[in-house]
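# Overview (structure and organization)
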Amino acid sequence: MADRAQPVSARAGIGAALVVAALIFGTLAAVVLRAEPGRGLGSADWAALRFTLIQACLSAGLSVALAIPAARALARRRFAGRRLLIALLGAPFILPVIVAILGLLQVFGRAGWLSDVLALFGLEPVQIYGLHGVVLAHVFFNLPLATRLILQGWQEIPAERFRLAAQLGADARAMRNLLEYPMLRRVVPGALAVIFAICLSSFAVALTLGGGPRATTIELAIYQAFRFDFDLGRAAMLSGLQLVLTGAAALVAVKVAVGEGFGAGLDRPLQRWDGNSTTSRVMDGFWILLAAAFLLLPLAAIALSGVPGLVGLKASVWTAALNSILVATLSTVLMLVLALPMATAVALGRGTVIEVAGILGLAASPLVIGTGLFIVIYPIADPFALALPVTALVNAVMALPFALRILVPRAKSVVGRYGRLSMSLDMRGLPFVLRVLLPRMRAQIGFSAGLAAALSMGDLGVVALFADPEFATLPLQVYRLMGAYRMEAAAGAALLLLALSMSAFWILDRGGRWHAEA
Amino acid sequence: MLRLENCLIENGGFALHADLEIAPGSRIAVIGPSGAGKSTLIEALAGFRALSEGAIRWRDYDLTPIEPGKRPIAMLFQDGNLFPHLTVAQNVGLGIHPNLRLDNAQQANVQAALARVGLDGMGDRKPAALSGGQQSRVALARVLVQGRDLLLLDEPFAALGPALKAEMLDLVAELVAESGATLLMVSHDPSDARRIADQVVLVAEGEADPPMDTATLLDNPPPALKAYLG
């Protein structure tokens, strides 16, 4: 008899984890076998490596540097719309990259709003393509993430510490030394590492705003070797390089220790006595406005410029939209089929193996998996014919780490709270899963499914690798319209994509919480 | 007879030994200092904790290798005895069939059990719409339809006020009297024991003693119990 009886078996979860590991390592092996040893890196490859590292460092540094004052302001000010703004900081995560880029072009591009303003003063229009454009887009995506991480750091400081600091008469500088700097020392390294790792595998941003020998990331170089030269050997070698980079960065991001905390408080309501001077009020207001404008202006630009394009959308756009819905649906189902058994197995205490498999998805790059799948599929079938399922599968694996972070804690609490009761009623296996586990996890399943659907809907990665001219998902179609300089149609299609992504997230997340008790 | 034959239950650095017999139909209170292993004993009986040594037999039938849900045992825990997403009737119906496929006779059985505990007509509500006492009654209705030989209570009424707790204990006493089930209930309150238990199993210093008459034991407590009772 097992030491602790369980209401459900961990086997399915271990199986799912093995499938994920086999997919990631299998494609990696396919790539490694294909890479020609001894050929070494050419000068273009070195340039891609250099550019990848430089843009990732700049993006991470700038995002975090700007997030520190923004998070400080959000932490100590209370104003109407504060909660909404903080919630909006989560939006870029599910915002399709191509949509954001169109918005950024509308604001910061040659013919954008900023250039229009500069022209009033007789200044040259700004140039967005190249390194600074790539960094700008990365900061757009990651400044909100960094702000949320640092804000969380602020919120973890117990209210008692602020009370004590106020009682001791701490001024702004003392507050920084007593509370803010120790908190930042704990939070900032992790934030830097996470954003650095995210920017390393940047593909869609580099594809649209970079390019050329001076602004090519490794992911983009893989794509080019593959699509333009059909040089599988070089694509494979670059994939290997990319894997080493992301693997190392993911390892660092996980390792960067969360140092000592502030100890527990008694959850007294937070009240702050600092930051009452006029200067600090003005400065905080400035940072909040700046962050909000940076986040909201490109979104507003898409909404404004997309509406005229929306009326005359071509049939090709609607077909692409249908493909995107299919990909997102299939991807969401695949993600749940993998993630639910995995989360359950982790909740049963079979954690290590499975959590490692989940984290693999963070280190693996979609283009590497895509290249590997292509190499594997090529001899037996036409890879281009499989673009839809392959895209869905890769998207599902990419969403897996996030889904597990949402599902695992809830699965643990359900098994912990209802496991014994269910067993004493002889409710095991399927009845336990259907009657207890899934109903109790509905909200989390809806949330993670919403994320997966939105991420897949907006993904412009592996699909670019696999699609032939006849096939497109909506993000790819937007990219093609941009490439053909049909900006109005592109903006219309982008607005449609934005609406589809957000509704997919909203419907699934809402569906999970509909009529859900306690 | 319920026999615990030379049982050793280990939990980390803690070990509890039990070698005792309980007659069918008894009403037993398990009392002792906190941390002495009262809940451990009940969990081992219910099958949530494996024995390191020994065996548990019910009517000469070895329960030791049997899974919790297959034992002739109904159990109520300290908390979390109901599923909040299921209706009252569904929560009771789980006691008949864990996948809730009930025929008409079984449905009627559920309604009758609800009526017996005083919850007639509340079958369609969710637990959150009931008071604490009513939630306890739902759990007892489920015990009723389970129809098991043994009923284990791990202080399920601890969160209720004194009057309500007494009411529930009286209901438990009535129900086991009607069904003839054997009752074992953990308690840290000697007045609970006096109220419904005819015998007491004292758990102290790593040992679960054979049952003794409640009044005799509580009136002349041995040193370990005396220290606890104060």
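See above for the structure.
Residues numbered from 1 in each chain as written. Chains lettered and ligands numbered in written order. Predicted model: local features only at pLDDT ≥ 70, side-chain atom pairs only at ≥ 80, totals over all residues. Heavy atoms only, no water.

All names here are of chain A. Where helix α15 (residues 366-377) meets helix α16 (residues 387-424), the closest approach of the two axes is 10 Å, and the angle between their N-to-C directions is 140 degrees. The orientation of α15 with respect to α16, classified from their angle, is oblique. For the crossing formed where α15 meets α16, the hand is right-handed. Contact with α15, carried on its side by Pro-366, Ile-369, Leu-373 and Ile-377, involves Val-390, Val-394, Val-397 and Met-398 of α16 and no other residues of that element. When grouped by side-chain class, the residues that make up the contact of α15 with α16 number eight nonpolar, no polar and no charged. (Axes fitted to C-alpha atoms, helices over the stretch in contact; angles between N-to-C directions. Helix = DSSP H or I, 4+ residues; strand = E, 2+ residues; numbered from the N terminus. Parallel < 35°, antiparallel > 145°, perpendicular 65-115°, else oblique. Left-handed = near helix turned anticlockwise from the far one by under 90°. Contact = heavy atoms within 4.5 Å. Nonpolar A, V, L, I, M, F, W, Y, C, P; charged D, E, K, R; others polar.)

Quick look at the side chain of A:His138 now. Within the secondary structure, A:His138 sits in helix α6 (residues 131-155). Setting aside residues up to four positions removed in sequence, A:His138 forms contacts with A:Gln55, A:Ser59, A:Ser63, A:Leu143, A:Cys199, A:Ser202 and A:Val205.

This part is about the nonpolar core. Core analysis: the largest hydrophobic core is formed by 209 residues, its most contacted members being A:Ile150, B:Leu41 and B:Leu184. Element by element, the count of residues in this core is highest for α16(A), at 20 residues. Apart from the residues within four sequence positions on either side, A:Ile150 is in contact with A:Val64, A:Ala67, A:Ile68, A:Ala71, A:Met183, A:Leu184 and A:Val187. One finds B:Val92, B:Leu114, B:Val143 and B:Leu169 within the second-largest nonpolar core, a separate group that totals 35 residues. (Core = buried A, V, L, I, M, F, W, Y, C linked by side-chain atoms within 4.5 Å. Buried < 20%, exposed > 50% of the residue type's maximum accessible area, 1.4 Å probe, protein only.)

Here we come to the packing of aromatic side chains. Residues and elements named next belong to chain A. With the rule as written, the count across this model stands at 14 aromatic pairs over all chains. Relative to Trp-287, the ring of Phe-286 has its centre 5.4 Å away and its plane inclined at 75 degrees; by these criteria the two rings are edge-to-face. When its relative accessible area of 44% is taken as the criterion, Phe-286 is described as partly exposed. Ring plane angle 70 degrees and centroid distance 6.0 Å describe the contact between Phe-447 and Phe-505, whose orientation is recorded as edge-to-face. Pair noted here: Phe-447 is in helix α18 (residues 442-458) and Phe-505 is in helix α21 (residues 487-513), with a separation of 58 residues, a long-range link. (Phe/Tyr/Trp six-rings, centres within 6.5 Å; stacked < 30°, edge-to-face > 60°.)

For the coordinates displayed, the defined rule picks out 19 salt bridges over all chains. One salt bridge connects A:Glu180 with A:Arg72, and the closest N-O pair in it is separated by 3.1 Å. With A:Glu180 in helix α8 (residues 172-200) and A:Arg72 in helix α2 (residues 43-76), this pair connects stretches of sequence that are 108 residues apart. Taking the relative accessible area as the measure of exposure, A:Arg72 reaches 22% and is therefore partly exposed. With a closest N to O distance of 3.3 Å, B:Asp192 and B:Lys165 form a salt bridge. Highlighted residues: B:Asp192 in helix α6 (residues 190-196) and B:Lys165 in helix α5 (residues 162-179), separated in sequence by 27 residues. Several salt bridges share partner residues, and in doing so they unite A:Arg76, A:Arg77 and A:Asp284 into one network. (Salt bridge = Lys/Arg side-chain N within 4 Å of Asp/Glu carboxyl O.)

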